[in-house]
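One-letter residues, chain by chain:
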Amino acid sequence: MTDMSSTPFSLEGKTALVTGGSRGIGKTIALDLADAGADVIITYARSGEAAEQVVREIVKKGRKGKAVKADAVAFAEAENVVSMALEEFGGIDILVNNAGITRDTLILRMSEEQWDEVIHTNLKSVFNYSKAVMKPMMKKRAGSIINISSIVGRAGNAGQTNYAASKAGIIGFTKALAKEVASRNIRVNTVAPGYIETEMTEKLDKKVLQAIEENIPLGRAGKSEEVAHTVRFLAGDGSSYITGALFAVDGGMGM
Ligand code: NAP
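Residues numbered from 1 in each chain as written. Predicted model: local features only at pLDDT ≥ 70, side-chain atom pairs only at ≥ 80, totals over all residues. Heavy atoms only, no water.

(A) Fine view of the overall build of the protein. The helix and strand tally for the protein stands at nine helices and seven strands. Taken over C-alpha atoms, the radius of gyration comes to 17 Å for the protein, in line with the 18 Å a tight globule of 255 residues would show. Taking all 255 residues of the protein together, 49% fall into the buried category. For the protein, the computed accessible surface area is about 12400 Å², with 52% contributed by carbon and sulfur atoms. (Helix = DSSP H or I, 4+ residues; strand = E, 2+ residues; numbered from the N terminus. Rg over C-alpha atoms; globule rule 2.2 N^0.38 Å. Buried < 20%, exposed > 50% of the residue type's maximum accessible area, 1.4 Å probe, protein only. Areas by Shrake-Rupley, 256 points an atom, 1.4 Å probe, with all protein chains shown as cover.)

Laid out in structure tokens, this is it:
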């Protein structure tokens, strides 16, 4: 681990909240923010044991950590998580809206439930947590919100109308909120990963995966650490003049 405590990239003294931090990209983001010096709260939906393991790793790094079971779809649960953070951690400096799901199918087969589930989990959750942290961040006149979108939100993808709509929605939400709260020194940015190796992408057919990799200029799938490093940069003062921006972490796929 590099010592960054005296650089603008250090997150020492800051508290981060990562939704969906029990697995995949969210887990890597949580651990990476802890490496940079932040105390980290993670939320999860089902994976209690995996989430507690992430907390143990955060604590091993010498940081404070906590896992909270909270359905990202529910606004009241987001408010409870933020209240707990204010009481037990003294505030929230960094919010990473990462929780997300896919329910892929062609539109003729897509049920209303599959549409609603994806829009609520991926997009409404971003509203829920951004709204819940807003008063404390405004009071502090500081904050960094990082929303995890996807290349699919920019380019579309057959079989993912629900997912693409949710991820495109995040991009618009980010820009609108960035304009709304810039005067309070709260920055809001989007990170749009391309194809990253996680459990979410393990579900994809091998032939589909090969075809995807052939279309990536850097010639390979991304790693969750590569997304986390971008989030870490946007979280801290090293990115103090960046807001409303979209960072594609996609090996050049979206060009
Ligand atoms: P993943 O491995 O499936 O992990 C998803 C995480 O979200 C888990 O921690 C899960 O918690 C949590 N979650 C799901 N539904 C939730 C809910 N209702 N409330 C609270 N937490 C919930 O997914 P991933 O691949 O790491 O993806 C993370 C983010 O990156 C998503 O927003 C995804 O759309 C985006 N993304 C991923 C890729 C990729 O290639 N993997 C590419 C572009 C964008 P439980 O463990 O409790 O279920």
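From this point on, the discussion continues.
(B) Inspection of the site of the ligand at higher detail. The local shell around the ligand holds 30 residues, among which Ser22, Arg23, Arg46, Ser47 and Tyr163 are the closest. Contact distances for the ligand include 3.2 Å between an oxygen atom and a backbone N or O atom of Gly20. Contacts to the ligand include Ser22, whose side-chain N or O atom sits 2.7 Å from an oxygen atom. In the complex, the protein chains occlude 96% of the 900 Å² of accessible area that the ligand would expose alone. Elements with a minimum of two residues in the shell around the ligand: α1 (24-35), α6 (161-181) and α7 (199-202). When its residues are assigned to classes, the shell around the ligand shows 13 nonpolar, 13 polar and four charged. (Near = heavy atom within 4 Å. Polar contact = N/O pair within 3.5 Å; in protein donor to acceptor, adjacent residues only side chain to side chain. Nonpolar A, V, L, I, M, F, W, Y, C, P; charged D, E, K, R; others polar.)

(C) Structural detail: the pairing of strand β6 (residues 186-193). Burial analysis of β6 places eight of its eight residues in the buried class, the great majority of the element. Side chains Ile186, Val188, Thr190 and Ala192 of β6 all project onto a buried face; the interleaved residues Arg187, Asn189, Val191 and Pro193 project onto the opposite face, where all are buried too. Bridge analysis of strand β5 (residues 143-148) against β6 gives six bridges, and the strand direction is parallel. Following the sheet pairing, Ser144 is matched in β6 by Arg187. (Pairing = 2+ DSSP bridges.)

(D) Structural view of a negative patch on the surface. Side chains of Glu197, Glu202, Glu213 and Glu214 sit close together on the surface and give a patch of like negative charge. Along the chain, Glu202 turns up in helix α7. (Patch = residues over 30% accessible without salt bridge, like charges linked within 9 Å, V, L, I, M, F, W, Y side chains within 5 Å. Salt bridge = Lys/Arg side-chain N within 4 Å of Asp/Glu carboxyl O. Lys, Arg positive; Asp, Glu negative; His and termini not counted. Charge placed at Lys NZ, Arg CZ, Asp CG, Glu CD.)

(E) A look at the packing of aromatic side chains. Per the stated rule, a full pass over the model turns up three aromatic pairs. With 6.2 Å between their ring centres and 55° between their planes, Phe233 and Phe247 make a pair best called tilted. Taken together, the residues span a long stretch of sequence, with Phe233 in helix α9 (residues 224-235) and Phe247 in strand β7 (residues 246-249) at a distance of 14 residues. Assessed through its relative accessible area of 24%, Phe247 is described here as partly exposed. Through a chain of ring-to-ring contacts, three or more aromatic side chains come together here, namely Phe9, Phe233 and Phe247. We note Lys64 situated over the ring of Phe89; from NZ or CZ to the ring centre the distance is 4.4 Å. (Phe/Tyr/Trp six-rings, centres within 6.5 Å; stacked < 30°, edge-to-face > 60°. Lys NZ or Arg CZ within 6 Å of the ring centre and 35° of its normal.)

(F) Up close: the sheet that holds strand β1 (residues 15-18). One open sheet accounts for seven strands, arranged β3-β2-β1-β4-β5-β6-β7; its pairing is parallel. Across the chains shown, the open sheet's two edge strands, defined by having one partner strand only, are β3 (65-69) and β7. Mean inter-strand twist for the sheet, computed between neighbouring axes without regard to direction, equals 15°. Pairing analysis gives four bridges linking β1 to strand β2 (residues 39-44), with the strands arranged parallel. Bridge pairing in β2 places Val18 opposite Ile42. Contacting β2 and β3, helix α2 (residues 48-60) crosses the sheet at an angle of about 165° to β3. (Axes fitted to C-alpha atoms, helices over the stretch in contact; angles between N-to-C directions. Contact = heavy atoms within 4.5 Å.)

(G) A look at the pattern of salt bridges. Tallying each qualifying case throughout the model produces eight salt bridges. Measuring nitrogen to oxygen at the nearest pair gives 2.8 Å for the salt bridge that ties Arg232 to Asp32. Residue Arg232 is found in helix α9, and its partner Asp32 is found in helix α1; the two are separated by 200 residues along the sequence. Its salt-bridge partner being Glu88, residue Lys66 comes within 3.0 Å of it at the nearest N-O pair. Taken together, the residues Lys66 in strand β3 and Glu88 in helix α3 (residues 75-89) connect sequence positions 22 residues apart. What makes Lys66 partly exposed here is its relative accessible area of 27%.

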